[in-house]
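Structural characterization, general
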Amino acid sequence: ARPGEFVPVIVLTADATPTSRLRALDAGAHDFLLKPLDGVEVRLRVRNLLRARWLYREQLAAREAAENERAAREMVLSAVAHDLRNPVASIAMDAELVREMLPEDEHAGERRALARIERTAQRMHSLIEDLLQVSRLEHAGFRLERSAASPSAWLEEAQGMMRPLAGARGVRLHFSGPADLPAMDLDPRRMLQVVANLVDNALKFTPPGGSVRVSWVYDDDALRITVHDDGAGIPADQLEHVFRPFWQ
């Protein structure tokens, strides 16, 4: 048997005292039979223990398969993330180079578009770093880099980042809420990531000609952000699944 494997043990004895039973069970026995033995009972006890051993092996095999799958997934994610670093860095550097070459007074719109490309590339770089640290994230939890910052800046950045995507999909995108938000203890990069993901999902399931509305209110030292869309929505009987990994 492999180390740690379940090995069924039956004690056969003529000693029926409680001390004998306890000693056998303390030594690791899984069952206890007294002599004289009944053949039918012995076969039934052996069958039950062998069934328990088979179930244990099935569970062990499933656990090993899950561990192997997880290790393979992490290896693939790490390799893909590593290969993406240089192309993303090149996009950011080329966008910055072209933006600096364009005269500001004649190409203000183009310069703003290139600045958005730079910021998007920087966010992609952050996501790539997350993929490279996937093992730490799974085992040690998700790391937040909190600081006192106003949500206004990253809400405005989210709007600038998602508006071209909304236009390409023929969906109207509206952002509305107070602009003078106070500083809050939060991770601006993660908050931007959350809002961008919610808006992207809303755009994906909103038909052309529809609209996505992002609004926020600040009350009692709390910021509440709401994303509305014109999509079909999620059936009520599916709502319990929305936070499960890989569920769609």
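Our subject is the structure listed above.
Figured I'd write up the structure that's included with this text. These numbers were taken from a predicted model, which means no experiment stands behind them.

Throughout the structure, instances matching the rule amount to six salt bridges. Across the pair Glu100 and Arg99 runs a salt bridge, and its minimum N-O distance is 3.2 Å. Among the residues examined, Arg99 registers a relative accessible area of 16% and is labelled buried. A salt bridge links Arg169 to Asp200; the shortest N-O distance between them is 3.8 Å. With Arg169 in the loop between α5 (151–168) and β4 (172–176) and Asp200 in helix α6 (residues 188–204), this pair connects stretches of sequence that are 31 residues apart. For Asp200, a relative accessible area of 24% corresponds to the partly exposed category. Look at the salt bridges and you will find they share partners, linking Arg99, Glu100 and Glu118 into a network.

On the surface, Ile234, Leu239, Val242, Phe243 and Trp247 cluster together into a nonpolar patch covering about 520 Å² of accessible area. Relative to the helices and strands, Leu239 resides in the segment after β7 (222–229).

Here we take up the pairing of strand β2 (residues 31–34). The pairing of strand β1 (residues 10–13) with β2 spans four bridges and is parallel. Its bridge partner being in β2, Thr13 is matched across the sheet by Leu34.

Let's shift gears to unusual backbone geometry. One non-glycine residue with positive phi stands out, namely Asp220, at about 55°. Mapped onto the elements of the fold, Asp220 is located in the loop between β6 (211–219) and β7. By relative accessible area, Asp220 is classed as exposed at 69%. The backbone of Asp221 shows a phi angle near 60°, a positive value even though the residue is not glycine.

Scoring rules and cut-offs
- Residues numbered from 1 in each chain as written.
- Predicted model: local features only at pLDDT ≥ 70, side-chain atom pairs only at ≥ 80, totals over all residues.
- Heavy atoms only, no water.
- Salt bridge = Lys/Arg side-chain N within 4 Å of Asp/Glu carboxyl O.
- Buried < 20%, exposed > 50% of the residue type's maximum accessible area, 1.4 Å probe, protein only.
- Helix = DSSP H or I, 4+ residues; strand = E, 2+ residues; numbered from the N terminus.
- Patch = residues over 30% accessible without salt bridge, like charges linked within 9 Å, V, L, I, M, F, W, Y side chains within 5 Å.
- Areas by Shrake-Rupley, 256 points an atom, 1.4 Å probe, with all protein chains shown as cover.
- Pairing = 2+ DSSP bridges.

Purely geometric numbers; function is a separate question.
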